[in-house]
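# Coordinates in review
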Amino acid sequence: MWYNNFMKRKFKSNNNIMYSCKYHVVWCPKYRRPVLKDGVDVRLKEILFEVAREKRAEIIELEVMPDHVHLLVEVDPQFGIHRLVKLMKGRSSRILRQEFPWLRSRLPTLWTNSYFVATVGGAPRATLREYIEKQKYV
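What you see is a predicted model; the values in this text were computed from it and never measured.

Definitions and cut-offs
- Residues numbered from 1 in each chain as written.
- Predicted model: local features only at pLDDT ≥ 70, side-chain atom pairs only at ≥ 80, totals over all residues.
- Heavy atoms only, no water.
- Helix = DSSP H or I, 4+ residues; strand = E, 2+ residues; numbered from the N terminus.
- Buried < 20%, exposed > 50% of the residue type's maximum accessible area, 1.4 Å probe, protein only.
- Contact = heavy atoms within 4.5 Å.
- Expected span 1.5 Å × (residues − 1).
- Polar contact = N/O pair within 3.5 Å; in protein donor to acceptor, adjacent residues only side chain to side chain.
- Axes fitted to C-alpha atoms, helices over the stretch in contact; angles between N-to-C directions.
- Parallel < 35°, antiparallel > 145°, perpendicular 65-115°, else oblique.
- Left-handed = near helix turned anticlockwise from the far one by under 90°.

The topology assignment puts V75 in the loop between β5 (68-74) and α3 (81-99). Here V75 falls in the buried class, since its relative accessible area comes to 1%. Along the backbone, V75 and T109 are 34 residues apart, and their C-alpha atoms lie at a distance of 26 Å. Contact partners of V75, with chain neighbours within four places excluded, come to Y19, C21, Y23, A57, G80, I81 and L84.

This part covers α3. The end-to-end C-alpha distance of α3 is 27 Å, a good match for the 27 Å that 19 residues give at a rise of 1.5 Å each. Taken together, the buried positions of α3 are occupied by I81, L84, V85, M88, K89, R91, S92, S93, I95, L96 and R97. As for α3, its buried residues are in contact with β3 (22-27), α2 (40-54), β4 (58-65), β5, α4 (102-106) and β6 (116-119).

Let us look at the side chain of H68. Checked against the element boundaries, H68 lands in strand β5. Of note is the side chain of H68, whose polar atom sits 3.2 Å from the side chain of R32. Here H68 is in contact with V26, W27, C28, P29, R32, L36 and E63, once residues within four sequence places are set aside.

With that settled, consider the packing of α2 against α3. Where α2 meets α3, the closest approach of the two axes is 9 Å, and the angle between their N-to-C directions is 140°. In terms of orientation, α2 and α3 fall into the oblique class. For the pair α2 and α3, the crossing hand works out as right-handed. Contact with α2, carried on its side by V40, R43, L44, I47, L48, E50, V51, A52 and E54, involves L84, L87, M88, R91, S92, I95, L96 and E99 of α3 and no other residues of that element.

Any link to function would need more than the numbers given here.
Written out as structure tokens, the structure is:
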């Protein structure tokens, strides 16, 4: 009985493991400046989805606020959430600063060095999705 319930959950796999590793990630622009607007937000979403697709991660929910990013993502634990976030922040910073030159004049670097990450464990997906969506109204 336990095994049947266990296998009904949605798991992903690679050659070595089956996993379900979902993370809530938040990061901010340098000095928490509200620069993620006027087209930057739309382009940022495109870049983050591109990186996730390349690394076989799944973006479950994404909300870009003018001064921070909320991300609910599932990633292979052998690749690691730290590597995914580093790649997302690095690529998006490079591309956005090339495509939106005014970002270079406002900030020495686009992102802070830090970020928040929490595993979501057994929390219902709908609850997490709702929380992230509601952040734009806070």
